[in-house]
Amino acid sequence: MANKLWAKKDPSELWQTQLEQGLLSLGIALSDSQQQTLLAYLGLLRRWNQVFNLTAVRDPAVMVSRQLLDSLAILPWVYGPRVLDVGSGAGLPGIPLAIARPDIQFT
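Residues numbered from 1 in each chain as written. Predicted model: local features only at pLDDT ≥ 70, side-chain atom pairs only at ≥ 80, totals over all residues. Heavy atoms only, no water.

(A) How the structure looks around the overall build of the protein. Scanning the protein from terminus to terminus reveals five helices and two strands. Here the C-alpha atoms of the protein give a radius of gyration of 14 Å, agreeing with the 13 Å that 2.2 N^0.38 yields for 107 residues. Once the C-alpha set of the protein is aligned to its principal axes, its extents read approximately 45 × 30 × 20 Å. Considering the protein as a whole, with its 107 residues, one finds that 37% of them fall into the buried category. Partitioning the intrachain contacts of the protein with sequence separation of at least 6 by distance along the chain shows that 59% fall at a separation of at least 24. Accessible surface for the protein amounts to roughly 6700 Å². Of this, 57% is attributable to carbon and sulfur atoms. Side chains of the protein carry 9 positive and 8 negative charges; the gap between the two charge centres is 10 Å. (Helix = DSSP H or I, 4+ residues; strand = E, 2+ residues; numbered from the N terminus. Rg over C-alpha atoms; globule rule 2.2 N^0.38 Å. Buried < 20%, exposed > 50% of the residue type's maximum accessible area, 1.4 Å probe, protein only. Contact = heavy atoms within 4.5 Å. Areas by Shrake-Rupley, 256 points an atom, 1.4 Å probe, with all protein chains shown as cover. Lys, Arg positive; Asp, Glu negative; His and termini not counted. Charge placed at Lys NZ, Arg CZ, Asp CG, Glu CD.)

(B) Structural view of the packing of aromatic side chains. In this structure the tally under the stated criterion is one aromatic pair. Here W48 and F52 contribute two aromatic rings whose centre-to-centre distance is 5.8 Å and whose plane-to-plane angle is 25 degrees, an arrangement assigned as stacked. Of this pair, W48 and F52 both sit in helix α3 (residues 32-52), four residues apart, which is roughly one turn of the helix. Among the residues examined, W48 registers a relative accessible area of 35% and is labelled partly exposed. (Phe/Tyr/Trp six-rings, centres within 6.5 Å; stacked < 30°, edge-to-face > 60°.)

(C) Quick look at α3. Here α3 contains 21 residues, and its C-alpha end-to-end distance of 30 Å stays within 8% of the 30 Å for a straight helix at 1.5 Å per residue. Taken together, the buried positions of α3 are occupied by Q34, Q35, L38, L39, Y41, L42, L45, R46 and N49. Of the residues flanking the end of α3, it is N53, one or two places downstream, whose phi is positive at about 55 degrees. (Expected span 1.5 Å × (residues − 1).)

(D) View of the side chain of Q35. Take Q35: it is sitting in helix α3. By relative accessible area, which is 9% here, Q35 ends up buried. Within polar-contact distance, the side chain of Q35 engages the backbone oxygen of L30 at 3.1 Å. In contact with Q35, other than residues within four places in its own chain, are Q16, L19, E20, L23 and L30. (Polar contact = N/O pair within 3.5 Å; in protein donor to acceptor, adjacent residues only side chain to side chain.)

(E) Representation of the side chain of Q67 in the model. Along the polypeptide, Q67 turns up in helix α4 (residues 60-72). At 3.3 Å, the side chain of Q67 forms a polar contact with the side chain of T55. With residues up to four places along the chain from it excluded, the contact list for Q67 reads L42, L45, T55, V57, L92 and P96.

(F) Structural context of the packing of helix α2 (residues 12-26) against α3. The interhelical angle for the contact between α2 and α3, taken along N-to-C directions, is 125 degrees, at an axis separation of 11 Å. Judged on the interaxial angle alone, α3 and α2 are oblique. The two elements α2 and α3 cross, and the hand of that crossing is right-handed. Along its contact with α2, which presents W15, Q16, L19, E20 and L23, the element α3 presents Q35, Q36, L38, L39, L42, G43 and R46. (Axes fitted to C-alpha atoms, helices over the stretch in contact; angles between N-to-C directions. Parallel < 35°, antiparallel > 145°, perpendicular 65-115°, else oblique. Left-handed = near helix turned anticlockwise from the far one by under 90°.)

See below:
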């Protein structure tokens, strides 16, 4: 039942809260702009996932945790001038990492 309710609601407020709390628990500091970019990406991913089956995660209530925070959890170990993300499909973890670390070139 909860999934049907989320399918019709805009989850952006919930996502914002989940992202802020998740980043805090991971010890990752991102600007408001970076957070908004991550949430915009997640919105696009949710939209296009219905058309192209980009990821198995479809429940908006868990998308921040499983797609954004899981991707960002490896951030402390990502370094160097360039990073190659091979076979990321929907852009995970490469796109969230690139948003969080604009100083690194992601391919």
